[in-house]
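Commentary on secondary and tertiary structure
Each chain, letter by letter, is given below.
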Amino acid sequence: MLLRSLFLFATLSPLAASASELADGGSCRNGAFPSQQHGFALAKVTGTPRLYLLGDMDGCPAKGEPACRQRSYVVSGDTVVTGGDLGGYRCAFFPNKVGGSAGWVDRSKLQPLPVAAPSLKDWAGDWKDGDNGLSISVRGGQLHVEGDAYWPSANPPPEQRPYGPNLGQVEALATPRGADVEFVDDSCRMTVHSLGSVLIVADNSECGGMNVRFNGVYRRTGAR
């Protein structure tokens, strides 16, 4: 009877995921979200007072709650950035002033939001992800970017980094294709996807000192 019950749960539960699905789901965590996820979109959390972000290790998210529950959660009305699906789960990222939090969530609790294709002026402005920043302006029919990135932070304590942070910089000009643009500065390649209110940024690890990455979900901080 127990085996039969487990079989029925795996067959009928909207949150059940096969082993192959779990293997192909990619990482759903803060640092890996921009480079490991795909199909980026916006969604509103609905129908729940508290939706916890679930981890992606040790058999999660297949174990469900409470085994996979992280401390971070979102509530009805919150807007999240979403990535790929894994069974009945969807990878979600909730941005905030200090970066943000990522994890798998029940995708039935997400309502997709429309995102208009960006015009050139929609890209322009100052964008921040933690200490990292990008300044984008329009030059003719192209976008010009200047940016700075830091590791482990812009102002690490002396006991952590006595000689200060590792630094990264980018300056480039490029033509966007729809909601995507790739900036190239010597060996540094940085891809940017626009969702209007946020930018999803990923680089090729060649944009600065050791461990410095521009990867992140950037929010607008300055006027266009």
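To be clear, the structure that these remarks concern was listed above.
Let us look at the structure shown here. (Residues numbered from 1 in each chain as written. Predicted model: local features only at pLDDT ≥ 70, side-chain atom pairs only at ≥ 80, totals over all residues. Heavy atoms only, no water.)

**Things to note about the pairing of strand S14 (residues 198-203)**
Counting buried positions along S14 gives six out of six residues, so the element sits mostly inside the fold. Here S14 shows no split at all, with Val-198, Ile-200 and Ala-202 on one side and Leu-199, Val-201 and Asp-203 on the other all buried. Sheet topology note: the strand S13 (residues 188-194)/S14 ladder contains five bridges and is antiparallel. Within S14, the residue paired with Ser-194 across the bridge is Leu-199. Here S13 hands over to S14 after three residues, with Gly-196 in that stretch at a positive phi of 80°. Across four bridges, the pairing between S14 and strand S15 (residues 216-220) is antiparallel. Pairing of Leu-199 across the sheet is with Tyr-218, part of S15. (Buried < 20%, exposed > 50% of the residue type's maximum accessible area, 1.4 Å probe, protein only. Helix = DSSP H or I, 4+ residues; strand = E, 2+ residues; numbered from the N terminus. Pairing = 2+ DSSP bridges.)

**Re the packing of aromatic side chains**
Inspection of the entire model under this criterion finds three aromatic pairs. Ring geometry for Phe-33 against Phe-40: centres 5.4 Å apart, planes inclined by 55°, an arrangement best described as tilted. Look at Phe-33 and you get buried, because its relative accessible area is 0%. Overall, Phe-40 belongs to the buried group, its relative accessible area being 17%. Here a set of aromatic residues connected by ring pairs shows up, and it is made of Phe-33, Phe-40 and Phe-93. The ring of Tyr-73 carries Arg-50 above its face, with NZ or CZ at 4.0 Å from the centroid. The ring of Tyr-52 carries Arg-69 above its face, with NZ or CZ at 4.1 Å from the centroid. (Phe/Tyr/Trp six-rings, centres within 6.5 Å; stacked < 30°, edge-to-face > 60°. Lys NZ or Arg CZ within 6 Å of the ring centre and 35° of its normal.)

**As for the layout of surface pockets**
For the largest pocket, the calculated volume is near 430 Å³. Lining the largest pocket are 24 residues, with Gly-31, Asp-129, Asn-132, Asn-215 and Gly-216 positioned closest to its centre. Among the elements of the structure, helix H3 (33-36), strand S5 (89-96), strand S6 (99-106), strand S10 (142-151) and S15 are those that each provide at least two residues to the lining of the largest pocket. (1 Å grid on protein atoms, 1.4 Å probe; cavity = no way out; pocket = protein on both sides within 12 Å on 5 of 7 lines; lining within 4 Å. Points joined across faces, edges and corners; volume = space filled by probe spheres on them.)

**What to know about the pattern of salt bridges**
What the rule picks out here adds up to six salt bridges. When the shortest N-O distance is used, the salt bridge between Asp-85 and Arg-90 registers 2.5 Å. Classification of Asp-85 by relative accessible area gives partly exposed; the value is 36%. The structure contains a network of salt bridges with shared partners spanning Asp-85, Arg-90 and Arg-107. (Salt bridge = Lys/Arg side-chain N within 4 Å of Asp/Glu carboxyl O.)

**Some points on the sheet that holds strand S9 (residues 132-139)**
Taken together, eight strands build an open sheet; the order of strands is S11-S10-S9-S8-S15-S14-S13-S12 and the sheet is antiparallel. Edge positions in the open sheet fall to strand S11 (166-174) and strand S12 (180-185), since each of these has one partner strand only. This sheet shows a mean twist of 25° between the axes of neighbouring strands, independent of strand direction. With seven bridges joining them, S9 and S10 adopt antiparallel strand pairing. Bridge pairing links Val-138 to Leu-143 in S10. (Axes fitted to C-alpha atoms, helices over the stretch in contact; angles between N-to-C directions.)

**Quick word on the side chain of Asn-132**
Residue position: Asn-132 is located in strand S9. Taking relative accessible area as the criterion, Asn-132 reaches 8% and is therefore assigned buried. Among the polar contacts listed, one links the side chain of Asn-132 to the backbone oxygen of Arg-213, at a separation of 3.1 Å. What Asn-132 contacts, discounting residues up to four positions off in sequence, is Trp-127, Asp-148, Ala-149, Tyr-150, Arg-213, Phe-214 and Tyr-218. (Polar contact = N/O pair within 3.5 Å; in protein donor to acceptor, adjacent residues only side chain to side chain. Contact = heavy atoms within 4.5 Å.)

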